[in-house]
Amino acid sequence: MPEYKGMVQPQRATPDDMRKIHIEPVPDELKPEKAIEFLDQIRKKFRSFVMAMESCTKCGQCAENCHTYLGTRDPNNIPTNRAELIRKIYKRYFTLEGRWFGKLVGAEDISLDIIEQWYSYFYQCSQCRRCAHVCPFGIDTCEVTFIGRQLLHWLGITPKLHASVGAAMERVGNHTNLPKPGIVDTLEFMSEEIMDEFGVEVEFPVDKPDSDIMYIPSSADFLLNPYTLMGAGMYFTYIGANWTIPSTVTEAGNFGLLFDQYWTQRGNVMRLLNAAQELGIKKIVWGECGHGWRAAKMYIPSLADRPIRWPITHIHDEVADMIRKNELKLDPSKNYKPVTLHDPCNYVRACGLNDNMRVLMRASVSDFREMTPHGMDNFCCGGGSAILFDDPEMYQRRILLSKKKAEQVRATGVGKDGDGILCAPCSICKAQLYPMVEEHELGVEVKGLIDLVGKALVWK
Amino acid sequence: MKLLIGQILPYITVTLFTLGILYRLGRWAGARIVHNITLSPWLQTNGQVAVRIGSEAFLFRNLFRFDKALWAGALLMHFALLNIIGGHIVGFGTLGEEFAMIPGLGITPELSVEMSDLLGSVFGILLFVALLYLLYRRFALENVKLVTKPSDNLWLIYLLVLVGIGNIMRFVPAYHIHYELVYEYMAALILFQPVVHMELLESGFFLAHYLLVQILLIALPFSKLMHLFGMFAERYIVNRVYHDPAPGLPNIDVAAARKAGLGVPAGDAAEEGV
Amino acid sequence: MSAAIVVNGVEIELDEDGFMIDPDLWNEDAAMALAASEGILELTEDHWKVINYLRDYYKQYQIAPMVRKLCQDTGCNLKYIYELFPSGPAKGACKMAGLPKPTGCV
């Protein structure tokens, strides 16, 4: 049962799991000193981390603005307290005031208990950056948990979920271990389904050379989110695109961002650039994945080992552009059920997709209701950064972490007749919300945004 | 005591303060902005960045959006503090006649001194009250209590004592300090002339106030008071100019594709919608 | 950390979630042993239809099928699959069919 001295923790990867992703776990008795060593390395590299350590004035504004604290009322889930878990160590070992004044300034000595505390709380932060959004200084606790998780990873402490995804990424270039035959078969099935349901002929070309556009779908679409795949396929066919899906990197996500930016994240970036090079494409279009879009848009330039020749945009950017130019014929009455939009955190706070999503929504849906708050002020679904653990304790915690989101959905009234739609254009949000809308009895179905666009297309 | 606090310590204070600030800022500058972690919405020009950072630093924009009570208290405290510090520098530097120097307003030196006195008194009280509010919320509000460490409370109490002594010197005639005394003292310090005999140093309240200020300055680089610089350093990381790459897919002609009936099964091309 | 079940004298290792580590060791008796851990008392024809479909698909494509396709090809809708396998298609049916645990955003 994953629990340590009363703290819930995700199921841990075994030492063999860790070795598969190139980490030799550090023995327990060496963990504290190694943690300090790694922390010393990292603090000299990231200014955002140093600022979070040194510039917080403890005003307390972040507390009521973090869904984890609102849902669990656990004091360590207050963003500044979460940062304090590592700040107290940082102060002790790397600042004068910490060395001299200890407990007065909140400094503490490192111990294995504290490292376990990191593991519990850094994996309850969904890295949604709402705290940065509301902080007077803009201090980003997400940066702290990125670094915290990276430290834990180097020590050999990583959730089994993340480690197995890391291994899958290295093996086949996507999170779900989808090999090429599976990709091809699923896409053939999708073509059949589109013909059955929409009467339209859509082909999904895989690894087609001399394509203009390389579309990167989320691999979760191949298992759980058929309408997202179908919507994208219909869109590209509708506009007459010369497009392809690469089999070597069929993954819009990048879990490396969430636990190992140095190695795992970089790995898939290289795969992507290799695929683009091989297929000779002109533009890369990203599918529906929140953290993945942030990892692609904001981190590819700084992680790549070569200059990037191809512009990268999100499918919502492209669809919105065409809607604004009146190039797409959409019939919103085809999506007549009441719809509310869950703004994925990474889209609205880290990637600027707020307006484009609404352009798609208003053109594709007849009864759209905003939740409160929405846009950049929106609250996380609770599953961000892959808090999708299914062991009993963490599953219960996920219910608490999604409580604020459930309140928001209920308040819109879209689910009161049991036929509402909760649009969540991000694979992790979908994976979190599929079970959570049942747990919270919200009366809604979870759909992606390109799903709705695909359904609304008028083919004439 | 007079010798230590009035003659020797000031030079140590300035040295330690300067070195401390340079050391801390140097550490900040040495760490890098590695990845692009700009927060949306995007700002399109450096002018917009300046406005955004300025409104956060001087008008406490985020506080206003999410916690109006804290915004009022914090803005009042910082604004009063700005005026007090500014008033110390400008007021003592011009012997209270700063307002007479503004051209065209016709303020006499005497009126200026009275204005300086009044503003100093008012802001002294406002600052004290605002600090009291900030300390109060650290005990009364559950969320703030949960994030507060002993040093957070200590700083507020420290500032209350410091400002309190300043207010006593302002309001209690027996302990009043004249502008000229401070002016002469500061001038001598800066010019490395001996000050230990000066009348100013006879005032116990002045020495106490002065000592507290110096300890604060020495401790500042090693405390959260560095948020003075931190505001700008952090805001510059998350609020910067960012331009999205242009949308537009290569070799796409949607009208032509629709005319050709792409996707519509052969034979249905003439039919109305699907 | 991982457990093991013994089926016909052969030890089959399981991971922490109860999934078989080596899919090649699967046989019908293993499925029945795993059913017990899922709280399923009896395996009906429909159970076997789903399990065999999953095994065949996995053998061919080395991955579990899309849930929608599973439902279509077996004729069992999602609700019915949850009735057969309380833990659902991924954690219930795939486990009993000896597939590895689905990973990623699922």
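Residues numbered from 1 in each chain as written. Chains lettered and ligands numbered in written order. Predicted model: local features only at pLDDT ≥ 70, side-chain atom pairs only at ≥ 80, totals over all residues.

As recorded by an unreviewed UniProt entry, chain C carries the name Sulfur relay protein, TusE/DsrC/DsvC family and is attributed to Desulfoscipio gibsoniae DSM 7213. The heading Subcellular location (unreviewed entry) in the UniProt record of chain C holds the text "Cytoplasm". Regarding chain C, the UniProt comment filed under Sequence similarities (unreviewed entry) reads as follows: "Belongs to the DsrC/TusE family." (UniProt positions renumbered as here; feature names shortened; annotations may be inferred.)

Looking up chain B in an unreviewed UniProt entry gives the name Nitrate reductase gamma subunit, with the organism given as Desulfoscipio gibsoniae DSM 7213. Note on chain B: under the UniProt heading Subcellular location (unreviewed entry), the record states "Cell membrane".

Undergrad: Even after reading the chapter, I still don't get the overall build of chain C, so can you show me in this structure?
TA: Along chain C, the regular secondary structure elements total five helices and two strands. Taken against the 2.2 N^0.38 rule, which gives 13 Å for 106 residues, the C-alpha radius of gyration of chain C at 13 Å falls within 12% of a compact globule. Considering only C-alpha atoms, chain C reaches an extent of 35 × 30 × 20 Å along its principal axes. Among the 106 residues that make up chain C, the fraction classed as buried is 36%. A separation of at least 24 residues holds for 49% of the contacts in chain C among residues at least 6 apart in sequence. (Helix = DSSP H or I, 4+ residues; strand = E, 2+ residues; numbered from the N terminus. Rg over C-alpha atoms; globule rule 2.2 N^0.38 Å. Buried ≥ 20, exposed ≤ 12 C-beta atoms within 10 Å, placed from the backbone. Contact = placed C-beta atoms within 7 Å.)

Undergrad: How should the interface of chain B and chain A be read in this particular structure?
TA: You'll often see interface size given as the accessible area lost when the parts meet. Across the contact, 63 residues belong to chain B and 76 residues belong to chain A. Going through the elements one at a time, helix H1 (2–30), helix H3 (61–66), helix H6 (142–147), helix H7 (150–171), helix H10 (227–238) and helix H11 (254–259) of chain B are the ones with two or more residues in the side of chain B that touches chain A. It is H10 of chain B that contributes the most residues to the side of chain B that touches chain A, eight residues altogether. Looking at the side of chain B that touches chain A residue by residue, the classes come out as 34 nonpolar, 16 polar and 13 charged. (Nonpolar A, V, L, I, M, F, W, Y, C, P; charged D, E, K, R; others polar.)

Undergrad: I keep staring at the sheet that holds strand S6 (residues 312–314) of chain A and nothing clicks. Help me out?
TA: Each strand in a sheet pairs with another by means of backbone hydrogen bonds, the pair being arranged parallel or else antiparallel. Residue and element names in this part refer to chain A. Read from one edge of the open sheet, four strands run S4-S3-S5-S6, paired in parallel fashion. Strand pairing shows two members of the sheet lacking a second neighbour, strand S4 (243–244) and S6, which therefore form its edges. As defined by bridge partners, strand S3 (residues 213–216) adjoins strand S5 (residues 283–286) across four bridges and the pair is classed as parallel. Within the sheet, the bridge partner assigned to Ile-216 lies in S5 and is Trp-286. Lying on the sheet, helix H15 (residues 290–303) is in contact with S5 and S6; it crosses S6 at an angle near 150°. (Pairing = 2+ DSSP bridges. Axes fitted to C-alpha atoms, helices over the stretch in contact; angles between N-to-C directions.)

Undergrad: I would appreciate a short explanation of the UniProt feature "active site" (unreviewed entry) in chain C in the present structure.
TA: As recorded in UniProt, the feature "active site" (unreviewed entry) lies at Cys-105 of chain C. Here Cys-105 of chain C shows up in the segment after helix H5 (88–96). Judged by local crowding, Cys-105 of chain C falls into the buried class, with 32 C-beta atoms found within 10 Å. Apart from the residues lying within four places of it in its own chain, the contact partners of Cys-105 of chain C are His-175, Ser-218, Ala-220, Gly-253, Leu-388, Ser-427, Ile-428 and Ala-431 of chain A.

Undergrad: Would you take a moment to explain the environment of Leu-187 of chain A for this structure?
TA: Position of Leu-187 of chain A relative to the elements: it lies in helix H11 (residues 180–198). The contact partners of Leu-187 of chain A, leaving out residues within four places of it in the chain, are Phe-204 and Val-206 of chain A.

Undergrad: Looking at this structure, I do not really get the interface of chain A and chain C. What am I missing?
TA: Taken together, the contact between chain A and chain C spans 29 residues of the former and 15 residues of the latter. Among the secondary structure elements, those contributing two or more residues to the side of chain A that touches chain C are helix H10 (160–172), H11 and helix H21 (427–439) of chain A. Partitioned by chemical class, the residues of the side of chain A that touches chain C number 15 nonpolar, 12 polar and two charged.

Undergrad: I'm lost on the nonpolar core in this one. Help?
TA: Nonpolar side chains in soluble globular proteins tend to end up buried together. Grouped together as the largest cluster of nonpolar side chains are 195 residues, with contacts concentrated most on Tyr-215, Tyr-235, Trp-286, Leu-422 and Val-453 of chain A together with Leu-54 and Ala-93 of chain C. If near-sequence neighbours (up to four positions away) are discounted, Tyr-215 of chain A is found in contact with Ala-232, Phe-236, Trp-243, Ile-245, Val-285 and Gly-287 of chain A. The next biggest cluster of nonpolar side chains, apart from the first, holds 18 residues, and it includes Phe-60, Met-77, Phe-123 and Ile-165 of chain B. (Core = buried A, V, L, I, M, F, W, Y, C linked by C-beta atoms within 7 Å.)

Undergrad: I would appreciate a short explanation of the environment of Cys-423 of chain A in the present structure.
TA: All names here are of chain A. Mapped onto the fold, Cys-423 is located in strand S9 (residues 420–423). Cys-423 gets classed as buried once you count the C-beta atoms within 10 Å, which come to 26. Note: C-alpha distance between Cys-423 and Ile-89 (334 residues apart in sequence) is 41 Å. In contact with Cys-423, not counting residues within four places along its chain, are Val-339, Thr-340, Leu-341, His-342, Lys-447, Leu-449 and Leu-452.

Undergrad: Quick question: what am I supposed to make of the pairing of strand S10 (residues 444–447) of chain A here?
TA: Residues in a regular strand project their side chains so that they alternate between the two faces of the sheet. All names here are of chain A. Note that S9 and S10 share four bridges and pair parallel. The residue bridging Ile-421 from the neighbouring strand is Glu-445, located in S10. Since S9 and S10 lie parallel, the crossover through H21 that links them has a hand, and here it is right-handed. (Right-handed = clockwise from strand over helix to strand, strands pointing away.)

Undergrad: I keep staring at the sheet that holds strand S7 (residues 339–341) of chain A and nothing clicks. Help me out?
TA: Residue and element names in this part refer to chain A. Ordered in space as S8-S7-S9-S10, the four strands form an open sheet in which the pairing is parallel. Strands with a single pairing partner mark the edges of an open sheet, and in this sheet they are strand S8 (368–369) and S10. One ladder, built from three bridges, connects S7 with S9; its direction is parallel. Paired with Thr-340 across the two strands is Leu-422, which belongs to S9.

Undergrad: Teacher, can you tell me more about unusual backbone geometry here?
TA: Phi is mostly negative for residues that are not glycine, and the peptide bonds are mostly trans. Cis geometry is found at the peptide bond from Thr-372 of chain A to Pro-373 of chain A, where omega equals -10°. In the segment running from Ser-40 of chain B into Pro-41 of chain B, the intervening peptide bond is cis, with an omega of 0°. By the secondary structure assignment, Pro-41 of chain B is in the loop between H1 and helix H2 (46–59). With phi around 55°, Asn-251 of chain B is a residue other than glycine that occupies positive phi space. Position of Asn-251 of chain B relative to the elements: it lies in the loop between H10 and H11.

Undergrad: I tried to follow the UniProt feature "domain: NarG-like" (unreviewed entry) in chain B on my own but got confused; where do I start?
TA: Feature annotation in UniProt places "domain: NarG-like" (unreviewed entry) on residues 67–237 of chain B, given in this structure's numbering. Counting secondary structure, residues 67–237 of chain B comes out at 73% helix and 0% strand; the distance between its end C-alpha atoms is 23 Å.

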